[in-house]
Amino acid sequence: MFDKGILLIISGPSGAGKGTVVKELIKEDKYCLSVSVTTRKPRPGEIEGVSYYFRSEEQFEKLIADGELLEYAAFCGNYYGTPLKYVEERLAEGKNVILEIEVQGAVQVKERYPDAVLIFLTPESISDLEDRLRGRRTESDEVIAMRLSRAREEVKLMDKYDYIVLNDLVRNATSRINGIVETEKYASERNKDFPSKFLSEKGVD
Ligand code: 5GP
């Protein structure tokens, strides 16, 4: 009882610190992280199968055609998508699964899994975001400008999300997210089988 896996979507503008927060969350074994497929080229230090599955456009299009993606979206000139099988298997095992994906993908997931919990992670302001993106030193000025303009669009879609989580400090953001997951676990909507279990001889285990 109260141990069904939750599908947790974490989105937020590029530079919001999603990667760091997710890394912190998955230190606890109550979460598993879905590794996405992308047509983007690897950044220094990124590892195949850990950071992403890096694939060509042709390979990505085949995954779409074969129905192997739960959702996918184009983002700043590249494709990104979530492998369906991994998510379905982990949820069936009762695990909480994290997808770190952008807004269009999040909306697609919510349509397919209305129980999914959508979290929008954000720094306090757009200038805060720009500082973080520049500090990362992984993107050119042109890419930073493109990602900032995308961020301006993304914040307008915040109302598609169930929760907005401020990432002022990583430990604050992770404890806010853990709190949300704990609360969601006990939602009556997720535990419709409670009455019959309660009334059975064995009771609620
Ligand atoms: P980056 O290139 O910085 O790794 O990721 C760019 C954006 O793509 C981020 O907002 C990230 O959350 C999003 N993203 C990563 N994987 C997926 C995915 O599988 N599906 C979708 N829709 N977005 C993704």
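Let me sum up the structure you'll find in this document. Because the structure is predicted, anything quoted here is derived from the model rather than measured. (Residues numbered from 1 in each chain as written. Predicted model: local features only at pLDDT ≥ 70, side-chain atom pairs only at ≥ 80, totals over all residues. Heavy atoms only, no water.)

1. Focus on the sheet that holds strand β8 (residues 117-122)
Part 1: If you walk across this open sheet you meet the five strands as β2-β7-β1-β8-β9, and the pairing is parallel. Single-partner strands in this sheet number two, and they are β2 (31-33) and β9 (163-166). Neighbouring strand axes in the sheet, compared pairwise and without regard to direction, differ in orientation by 30 degrees on average.
Part 2: Bridging between strand β1 (residues 7-11) and strand β7 (residues 96-100) involves four bridges; their strand directions are parallel. Residue pairing for β7: L8 is matched across the bridge by I98.
Part 3: Helix α3 (residues 84-92) contacts β1, β2 and β7 of the sheet and is inclined by roughly 155 degrees relative to β7.
Part 4: Against the sheet, helix α4 (residues 103-112) engages β1, β7 and β8, with an angle of about 160 degrees to β1. (Pairing = 2+ DSSP bridges. Helix = DSSP H or I, 4+ residues; strand = E, 2+ residues; numbered from the N terminus. Axes fitted to C-alpha atoms, helices over the stretch in contact; angles between N-to-C directions. Contact = heavy atoms within 4.5 Å.)

2. A look at the sheet that holds strand β4 (residues 53-54)
Part 1: Judged by pairing direction, the sheet is mixed, and its four strands sit side by side in the order β4-β3-β6-β5 without closing on themselves. Of all strands in the sheet, those with a lone pairing partner are β4 and β5 (69-75), marking the two edges.
Part 2: The pairing of strand β3 (residues 37-38) with β4 spans two bridges and is classified as parallel. Paired with V37 across the bridge in β4 is Y53.

3. A few points about the packing of helix α5 (residues 126-136) against helix α6 (residues 141-155)
Part 1: Orientation of α5 relative to α6, taken along the N-to-C sense of each, is 150 degrees, at an axis distance of 11 Å. When the axes of α5 and α6 are compared, the pair comes out roughly antiparallel. By crossing handedness, the relation of α5 to α6 is classed as right-handed. Where α5 approaches α6, its residues I126, L129, E130, L133, R134 and R136 are matched on the opposing element by D141, I144, R147, L148, A151 and R152.
Part 2: Class assignment for the residues of the contact of α5 with α6 results in six nonpolar, no polar and six charged. (Parallel < 35°, antiparallel > 145°, perpendicular 65-115°, else oblique. Left-handed = near helix turned anticlockwise from the far one by under 90°. Nonpolar A, V, L, I, M, F, W, Y, C, P; charged D, E, K, R; others polar.)

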